[in-house]
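So you can see what is in the structure, the chains are spelled out below.
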Amino acid sequence: MNDFDVVVVGAGPAGSAAALELARAGRSVCLLERGPFPGSKNMYGGVVYGRILDTLIPNWWEEAPVQRWVTRRQTMLMTGEQALTVDFRTESWGRPPYNGATAYRPDFDSWLAQKAVDAGAVLVTSTTATGLLRDGNKVIGVRTDRPDGDLTASVVIACDGVNSFLAKEAGLYPPSDPANYTVGVKETIALPRHVIDERFAVRGDHGVDIEIIGCTGDIPGGGFIYTNTDTVAVGLVLSLPALAKGSQRPEELLAALKNHPAVAPLIEGGEVKEYSAHVIPEAGFDMMPELIGDGILVAGDAAAMCLAAGIWLEGVNFAIGSGAAAGRAAARAVQRGNTSAEGLEGYRSRIESSFVMADHRRLRDAPHLVMGELAQRQLPALACGIAERVFTVENPDPKPGLRKILRAELRRNGVRWRDAAREGLRALRTFG
Amino acid sequence: MPKTDPYPELSFETRMGSVEFRIHEKAHIVVDDQICDDCTTRGCVTACPANLFVPTAAGGILFNYEQCFECGTCYLVCNEEGAITWNYPEGGHGVVFHQV
């Protein structure tokens, strides 16, 4: 007799969604969390896209612990002293069913875990899963660091985050390649609510999300700024192999971003409340492990389901989508009495027929494109250079034609037409 | 107008002082500095966001696990087999985020 039908490891959005679906299906489920409370180990780049919750928690927006609803979204191309920003805002994102929300992960993840508990899941915090229990090749539970802490189950769902030692132990991952990973660093900076409203030109519970490219020196990556109710988060995402080469440390690059003329006035006078760091499975589809083994499923960041596709930066929604699918598939497999890899195949069909795999498959080249030389170094300089020439009035000289400006800036930034055209086509194929 | 730096950079101690760590007496990461002695790349030194890997005058690496974000950067960038033994801390210990 097993201790539980299913053990879910990790009470992040993937694990809690899985546990919620299992409990609702009438299965006994243990939701293990190594932190003292759900979300205490989790950190992200700031925006939850909540529509995936529509099917799980009707009217979730009335109760989810949201900081601000993102009604203003900017993409900023930056050089040392220039910035060119695409600034979009819409009031429709500020009313139900909303679009993106900023939230503190300890609040959000605890709220979602509580939903699973309310449905009947058993949440066990402050407990680390230290390894898998196996019978031959079949996973039959997890070992924990509690005395007598073995937990047996028909299925283990590994939602244990980007490092997923459980998926690795199950042999579902090839050896890690650092090129697939980035590290995110972030400061949460306190400012009075009315000051944030004024500086970011929003009101009430509306907020802003800014994504930045060109702010990471020699290291491929990007930056972000977003508003909470009375804090502003400023952070960077940095490619691991380049960071390891050692030209600059993460906090030095972050200090440079905070001192950039386009950023400094937004956060001036704020007090740093919390510094944080977390690794991101940047390469998405191309680094995904085997998602199904005998008695085990992998979901969320543990399955590299973070979508780092330049103009789209998402993860919590993919975690919830994959976790819920894993929970449903596991419930069905337990009910049928077949929790082998074959019996758990329903997980694959569920995520293949949803945005989880559709978006990742379609955008599989996007992380590479965004981290490439052209997008990282040449595009910001080119775009800012063109804008500066177009808007600089050089009287008594007459205005140069746009074609002349483009030609001059391509040359100045060492971009060949051929490369620009090729990367442009690649971008069209990827995003089109 | 004289250019002033609006953000005198935080000292690293102040930065890390903003983070809660519930330190367990047992180290969850163990670094074999004998292996590090021969390492020429030392990606961990610049990449670790908590700056926990410090080169020593003697040519080794000094490591302290106490203010670790448990992010995984160090073992991912490490080229030296067996240099870093990486585990999560005992349940309930290690970093505790609040406003992230």
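A brief report on the enclosed structure follows. (Residues numbered from 1 in each chain as written. Chains lettered and ligands numbered in written order. Predicted model: local features only at pLDDT ≥ 70, side-chain atom pairs only at ≥ 80, totals over all residues. Heavy atoms only, no water.)

### Some words on helix α6 (residues 250-258) of chain A
Of all nine residues in α6(A), seven are buried, a share of seventy percent or more. Within the span of α6(A), buried status applies to A:P250, A:E251, A:L253, A:L254, A:A255, A:L257 and A:K258. (Buried < 20%, exposed > 50% of the residue type's maximum accessible area, 1.4 Å probe, protein only. Helix = DSSP H or I, 4+ residues; strand = E, 2+ residues; numbered from the N terminus.)

### Quick look at the interface of chain B and chain A
Contact residues are listed per partner, giving 42 residues for chain B and 54 residues for chain A. With both chains or domains summed, chain B and chain A bury close to 4000 Å², and 55% of this area falls on carbon and sulfur atoms. The tally of links from chain B across to chain A stands at three salt bridges. Across the chain B-chain A interface, the total number found is 22 residue pairs in polar contact (both at pLDDT 80 or more). Elements that contribute at least two residues to the side of chain B that touches chain A include exactly α1 (12-17), α3 (43-47), α4 (73-77) and β6 (94-96) of chain B. (Contact = heavy atoms within 4.5 Å. Buried area = accessible area lost by both parts, 1.4 Å probe. Salt bridge = Lys/Arg side-chain N within 4 Å of Asp/Glu carboxyl O. Polar contact = N/O pair within 3.5 Å; in protein donor to acceptor, adjacent residues only side chain to side chain.)

### Some points on the pattern of salt bridges
All names here are of chain A. Applying the stated rule across the entire model yields 27 salt bridges over all chains. Note that D286 is salt-bridged to R364, the shortest N-O span being 2.7 Å. Of this pair, D286 sits in the loop between β15 (271-281) and β16 (292-293) while R364 sits in the loop between α10 (355-362) and α11 (366-370); the two residues are 78 residues apart in sequence, bridging distant segments of the chain. The class for D286 is partly exposed, based on a relative accessible area of 35%. We classify R364 as partly exposed; its relative accessible area is 38%. The closest approach of N and O atoms between R422 and E423, which form a salt bridge, is 3.9 Å. Residues joined by salt bridges that share partners form a network here, namely D365, R416, D419, R422, E423 and R426.

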